[in-house]
Amino acid sequence: MLDSNVGEKMKLGFIGMGNMAQALCAGFVVSGKISREDVFAYAPTYEKLVKNADLYGFNPCKDIIEMIDNCDTLIMACKPYQIEGVLSIVKDSLKGKALISVAAGWTYDKYMEHLDSSVRVQFVMPNTPAMVSEGVLLFEAKNSLTENERSEIMNLFAATGKVIELPSHLMGIGGAVSGCGPAFVDLFIESYADAAVKYGIPRKTAYEMVSQTVLGSAKLQLDTGIHPGVLKDNVCSPGGTTIRGVAALEKEGFRNACIQSIDAIMNK
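Residues numbered from 1 in each chain as written. Predicted model: local features only at pLDDT ≥ 70, side-chain atom pairs only at ≥ 80, totals over all residues. Heavy atoms only, no water.

> Can you break down the pairing of strand β7 (residues 135-140) residue by residue, with the values?
Counting buried positions along β7 gives 5 out of 6 residues, so the element sits mostly inside the fold. Where strand β6 (residues 120-125) and β7 come together, 2 bridges link them in antiparallel fashion. Looking across to β7, one finds that Val124 is bridged to Phe139. Of the pairings in the sheet, the one linking β7 to strand β8 (residues 161-166) comprises 6 bridges and is parallel in character. Across the sheet, residue Leu137 finds its bridge partner in β8, namely Val163. Considered for its hand, the β-α-β crossover made up of β7, helix α6 (residues 147-157) and β8 is right-handed. (Buried < 20%, exposed > 50% of the residue type's maximum accessible area, 1.4 Å probe, protein only. Helix = DSSP H or I, 4+ residues; strand = E, 2+ residues; numbered from the N terminus. Pairing = 2+ DSSP bridges. Right-handed = clockwise from strand over helix to strand, strands pointing away.)

Spelled out as structure tokens, the structure:
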């Protein structure tokens, strides 16, 4: 169970309860690192909150100010374009609180343009695989949490995936790779499943086969730490089928296309 700096249980409040907040909340509670009784959430549609409360493990709140007053740590999980409007309503209530933001683009410096200096801020960029506890949680190195708070928050987020710290100037590229990356991997899965279907494998089986291949390959690299190029070489027998496939991908500019996809995001 998480403890606050004064030895009391953390009271965690979600401002917004969309898909990402639901995934994080469920992961936190299921891990046992925080109890449902200590997790609260506010969203504009109270009826929807009530319906999802048991499923994801939180206490629904009708009033955002009342929720903030009852919590010591808040997670800002609104859409990025909504945050300025929300802050105009709650910024006074946030004084002296810890605010963890999972909204893209809202870095520490951006928050401090709007908030009192007593608010302790941490920007975290999660990705959608956090929904199955296999996410990437990018923590901005620049923050104003206490050392103990930060350690506890990192431990809490680790329940939904791998926690990685990045300096502020790398959060953009980090988010492009890990935040947009799932869409590119899904496109890869769909494409190879299409190829499998083309040669007779049923669609459902094709998706299972390709997705498990991606999952297993990623786990093999993470667990062993072996360079991806070496793992690729280990599958490519001289004159064999795999190296012919690799050559075909290279001919079509596969690796360059991957890099260009990130360039398109960074240069938008």
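> Run through the pattern of salt bridges, naming residues and quoting values.
Taken as a whole and assessed by the stated rule, the structure comprises 13 salt bridges. Residue Arg36 is joined to Asp54 by a salt bridge in which the shortest nitrogen-to-oxygen separation is 2.7 Å. A residue pair is termed long-range when its members are at least 10 positions apart, and Arg36 in the loop between α1 (19-31) and β2 (39-42) and Asp54 in helix α2 (residues 46-56) qualify at 18 residues. Relative accessible area serves as the criterion here: at 29%, Arg36 is assigned to the partly exposed category. Accessibility expressed as a relative area gives 61% for Asp54, which makes it exposed. (Salt bridge = Lys/Arg side-chain N within 4 Å of Asp/Glu carboxyl O.)

> Any details on the packing of helix α7 (residues 171-198) against helix α11 (residues 254-266)? Residues and values, ideally.
Running from N to C, α7 and α11 cross one another at 130 degrees; their axes reach a closest spacing of 10 Å. Relative to α11, α7 is oriented oblique. The hand of the α7/α11 crossing is right-handed. Here Gly172, Ile173, Ala176, Val177, Cys180, Phe184 and Phe188 of α7 lie close against α11, whose contacting residues are Phe254, Ser261, Ile262, Ile265 and Met266. When the residues that make up the contact of α7 with α11 are grouped by side-chain class, the tally is 10 nonpolar, 2 polar and no charged. (Axes fitted to C-alpha atoms, helices over the stretch in contact; angles between N-to-C directions. Parallel < 35°, antiparallel > 145°, perpendicular 65-115°, else oblique. Left-handed = near helix turned anticlockwise from the far one by under 90°. Contact = heavy atoms within 4.5 Å. Nonpolar A, V, L, I, M, F, W, Y, C, P; charged D, E, K, R; others polar.)

That's the geometry; what it means functionally is another story.
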